[in-house]
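The residues making up each chain are set out below.
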Amino acid sequence: SHCSDEEEEVVEVINDDTEDETAEESDWDEIDAAEMESTSDPFDWARKFLWSDGEHPLQNFENVAIVSVQTFIEGIVLLTSHSIYFHQTGDVIDVMTKEKIDAEGKKPKPNRRWKLNQMTDVHGRRYMMKAQGLELFFSDMQGLFLKFNGVKDRDSFHSKLRSNSKVPLLRSFKSLNPRTVFKKSMLTDLWLKRRISNFQYIMALNLMAGRTFNDICQYPVFPWILNDYQSETLDLNDPSIYRDLSKPVGALNPDRLAMLIERYNDLDGFPEEQKFLYGSHYSSPGVVLHYMLRQEPFTSMHIALQSGRFDCPDRLFFDLAGCWRSCLTSTSDVKELTPEFFTCPEIFTNTNNFPLGETQDNKQISNVKLPPWAKGSPHEFIRIHRLALESEYVSRHLHHWIDLIFGYKQRGPASSAAHNVFHYYSYEGSVDLDKITDDIERKAIEGHIQNFGQTPSQLITKLPHPERSAKEKQPIAPFESLHAGDLKVHTPAKQFGGPKSSCGAILSLHAIGDSVFVLHSDFTLCSYKLNATRNNALPVQIKADKCRMLENNSALTRTVDNEEQSNEQGSNLIVNSDSFALTMGGNYRAADHGADSSLLLLSCDAFENVVKVHSIETLQLQRSVSGGHRGRINCIKVSEDGALMVTGGDDATCRVWVVEHDALATAITDGYVSSLGLDDDEITCSHVLFGHVSPVTCVAICSKLDVVISGSKDGSICIHNIRSGKFVRSLHVDAVTKEVKDSCARSNGITPQKLVIHMDGSFVAYFSDGSLMVITINGQCVCKADVGEKINAMLICHESEALITGGELGSVRVRTLYDLSVQCTLNIKKYGPITTLALTSDPNFLCVGSSNGFLSVVFRNTK
């Protein structure tokens, strides 16, 4: 399903804050200190980089530190009109031990640069309870946390960045005040209207309230939402399985609360404003490391926190039900969750086989024990937990939890009434460290702030957060909870294609708004208008619109037949839906979504070895470029936002392209590709992706996840980041064992023929042996199935969490994504093999293209 413009912007902001790489692992420009020469120029260290034309210094800032989840690095920052430069002057400090990290054997201190034309967002941050930090986000999805020498330096840097630097992609608000940003964002309205999910809203609130993945002391916080960790199955419509979101964790157990209130009343030596119910906090470095200890860098940080060893086995996180019981009963345990409990199954798995020890009752600790309803699968736990987060119960009660963490119940009388009072030092503005002259006292307070939790910035101070209204009664998602007979098909009699037409088979379908564009094998492009009706028997009308011929298709036409052709490398070729893509380009937000004038048809010409760009309005050929591919281009895919494209070719490389977005193209195009002069008016080649050693057979792209996945003839599946072009990993499915293995396949892999990416971080691959697999980006097989036919097209309906396939047997099959079981089969083989599929948006209909040239529309039978 397609998102609205506002939803797209919210998702982009959220995704910017989901990268947890440590700062030193990022792809910075670097120059070793050993290369430096002494000179009288104070900025000589920065001038070692190649400066842009007209670039000039604006101001330098001393005693600035780069803060990452694991390290703290002091240095000097130089802000210029085009870049930020950092010169390291201090040691790399471990944030847990506050000691120097041994750099023996490593290269000298590097100098680093970030180009401002890649900057997309700037957010104010606290550090040690002082508003002296900034977090900068870039188009390659990296984040940079800078701690300045006080509020004045921070504000001066931000002011000059806004007024004197070139930041064409910058989209965040000018204010650094969390409450101002929250009010201007209008995210609450989007959430109330159910245009963003609960997860997206909580993540955005964390971001605006100063929580960040770059500071272990201010890690994003998420709620416990369930209280049933014993049942074999969960009914997400049963209110009794959910935690009471109107109370903080510490107040969920009335007996424990009574004990805490009694202790609170006995705090006679404290001023009234410094009394607290809970000495610990719902989010602190210890809490984060407790949950995340099985994955680096948190494992090393946990060991550092415990003086060089793992904590006592009985205190480790090894049983989710036991962890919940502790949060209900212990007077010192009131922790909430982290985002990874809804996104990252790896936190429950001891993938690195760390020796975590044995408990006192002789239980060996390795993986986390999950509830029975998770069926022993971390992926199943995450799936159900995420569904629970988006449930109707949580949607109707989440505003109470927001009041406690970010809203008016965070502080003041409302906080006391809600039993939501934490230690005085955890609150913003409670202490000014600069005014404490006693070193011992100041270090003690600093230690408390860093180790025992910090409360987020308060976004709402007076009024309760509005309640999400009851979900309007809507028809069931079109491909959700299907049974035999639930789908119907309508094939209009009046259409341009068909057996009696000379147009031939349908090669590709593209649905944009209420229009469907159909490309036939003779390169006739036909358009149809789809209109929803109130007729349950036939809820859609299809009207033929235009039928025209693509300009300059002679070379393309030669490639279209029903037999596979081979070139000198012996790779197979058949022109199909993977050879074409339709987009409005990177400027689509400003365009009229129904206007043909903004649409571009992109195709890979297998004989001329180029990507062709046709205007949908005129059907004229506007561009024909190779992007540096050497040989045939086999497949092409466009991202969901229309701005990015990927191609795969016989030269065993993929190319990332930017479509009609000059600022983005300038920001992400790497130096090597820039030197090749491959830019163009409509499309710009930005990265060459290496990793394959045989012709690429299929590609998939997801802009929100910043991921390109590609498959090649030898069975290798490579994963890259889009905007940086960085190689992530290579996988293959062993032809003998059918297991997913790391590294390139070389000779024993099964060729992937189709790929589609799911937003949860997994992808579906269809292989030449007729098997389907759901595989995570981290290389874990979630489920697999044999399909029993050759699949020509497949897509994911995200709204219904369904995989839809069509192939040689002429049947549409709908499968659940979590186990690939077939929910419904619709036989339309009288029109021949299915060649291509496309989903319309709002409402969802499935458009089906067949080999006899007919267009059909599949919809849910609501009778």
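Peer 1: Looking at this structure, I do not really get the packing of aromatic side chains. What am I missing?
Peer 2: To describe a pair of aromatic rings, one takes the distance between the centres and the angle between the planes. Inspection of every chain in the model, using the stated rule, returns 33 aromatic pairs. Pairing Trp191 with Tyr201 gives two aromatic rings, centres 5.0 Å apart and planes at 15°, and the pair type is stacked. A residue pair is termed long-range when its members are at least 10 positions apart, and Trp191 in helix α5 (residues 187-192) and Tyr201 in helix α6 (residues 198-208) qualify at 10 residues. The class of Tyr201 is buried, set by a relative accessible area of 0%.

Peer 1: Teacher, can you tell me more about the side chain of His399 here?
Peer 2: Along the chain, His399 falls in helix α12 (residues 392-405). A residue is classified by how much of its surface remains accessible, and His399, at 6% relative accessible area, is buried. In terms of polar contacts, His399 uses its side chain to reach the side chain of His400, at 3.3 Å. For His399, the residues in contact, after removing those within four places along its chain, are Trp191, His465, Pro466 and Glu467.

Peer 1: I'm lost on empty space enclosed by the protein in this one. Help?
Peer 2: Left-over empty space is what a probe sized like a water molecule reveals as it rolls over the atoms. The tally for this structure, following the rule as stated, stands at two cavities of 30 Å³ or more. Looking at the largest cavity, its volume works out to about 60 Å³. One number sums up the size of the second largest cavity: a volume of about 30 Å³. Pro220, Val221, Tyr282, Ser283, Val287, Val288, Leu337 and Thr338 together form the lining of the second largest cavity. Its residues placed into classes, the lining of the second largest cavity shows six nonpolar, two polar and no charged.

Peer 1: I'm lost on the environment of Glu799 in this one. Help?
Peer 2: Counting through the fold element by element, Glu799 comes out in the loop between β33 (791-797) and β34 (802-807). In this structure, the C-alpha to C-alpha distance between Glu799 and Asn844, residues 45 residues apart in sequence, is 9.1 Å.

Peer 1: Got a minute to help me understand the side chain of His465 in this structure?
Peer 2: Note that His465 resides in the loop between α14 (439-451) and β9 (487-490). There is a polar contact of 2.6 Å between the side chain of His465 and the side chain of Tyr201. Discounting residues that sit within four places of it in the chain, His465 has contacts with Thr188, Trp191, Tyr201, His399, Ile402, Asp403 and Ile460.

Peer 1: Even after reading the chapter, I still don't get the sheet that holds strand β26 (residues 717-721), so can you show me in this structure?
Peer 2: Consider a sheet: its strands pair through backbone hydrogen bonds, and that pairing is either parallel or antiparallel. Across the sheet, five strands lie side by side as β24-β25-β26-β27-β28; this open sheet has antiparallel pairing. Edge positions in the sheet fall to β24 (696-702) and β28 (740-742), since each of these pairs with one other strand and no more. Within the sheet, the average angular offset between the axes of one strand and its neighbour, ignoring direction, is 25°. Both β26 and strand β27 (residues 727-733) contribute to a ladder of four bridges, which runs antiparallel. In the strand pairing of β27, Cys718 is matched with Ser730.

Peer 1: Which parts of the structure should I look at to understand the nonpolar core?
Peer 2: The tendency in soluble globular proteins is for nonpolar side chains to be buried side by side. Residues Ile216 and Trp224 are the most contacted members of the largest nonpolar core, which totals 93 residues. Setting aside chain neighbours within four positions, we find Ile216 in contact with Val69, Val95, Met96, Ser284, Pro285, Val288, Leu289, Phe298 and Met301. By size, the runner-up hydrophobic cluster in this structure holds 23 residues, among which are Val64, Ile73, Phe157 and Val167.

Peer 1: Can you walk me through the sheet that holds strand β18 (residues 610-615) in this structure?
Peer 2: Spatially, four strands are ordered β16-β17-β18-β19 in an open sheet, and the strand pairing comes out antiparallel. Edge positions in the open sheet fall to β16 (580-583) and β19 (621-625), since each of these has one partner strand only. Averaged over all adjacent pairs, the angle separating strand axes in this sheet is 20°, with direction ignored. Where β18 lies against β19, four bridges are found, and the strand directions are antiparallel. Across the sheet, His614 pairs through a bridge with Leu621, a residue of β19.

Peer 1: Can you help me understand a positive patch on the surface in this one?
Peer 2: Residues Arg179, Lys183, Arg411 and Lys462 make up a contiguous surface patch of positive charge. Locating Lys462 in the fold gives a position in the loop between α14 and β9. For Lys462, a relative accessible area of 71% puts it in the exposed group.

Rules used in this analysis
Residues numbered from 1 in each chain as written. Predicted model: local features only at pLDDT ≥ 70, side-chain atom pairs only at ≥ 80, totals over all residues. Heavy atoms only, no water. Phe/Tyr/Trp six-rings, centres within 6.5 Å; stacked < 30°, edge-to-face > 60°. Helix = DSSP H or I, 4+ residues; strand = E, 2+ residues; numbered from the N terminus. Buried < 20%, exposed > 50% of the residue type's maximum accessible area, 1.4 Å probe, protein only. Polar contact = N/O pair within 3.5 Å; in protein donor to acceptor, adjacent residues only side chain to side chain. Contact = heavy atoms within 4.5 Å. 1 Å grid on protein atoms, 1.4 Å probe; cavity = no way out; pocket = protein on both sides within 12 Å on 5 of 7 lines; lining within 4 Å. Points joined across faces, edges and corners; volume = space filled by probe spheres on them. Nonpolar A, V, L, I, M, F, W, Y, C, P; charged D, E, K, R; others polar. Pairing = 2+ DSSP bridges. Axes fitted to C-alpha atoms, helices over the stretch in contact; angles between N-to-C directions. Core = buried A, V, L, I, M, F, W, Y, C linked by side-chain atoms within 4.5 Å. Patch = residues over 30% accessible without salt bridge, like charges linked within 9 Å, V, L, I, M, F, W, Y side chains within 5 Å. Areas by Shrake-Rupley, 256 points an atom, 1.4 Å probe, with all protein chains shown as cover. Salt bridge = Lys/Arg side-chain N within 4 Å of Asp/Glu carboxyl O. Lys, Arg positive; Asp, Glu negative; His and termini not counted. Charge placed at Lys NZ, Arg CZ, Asp CG, Glu CD.

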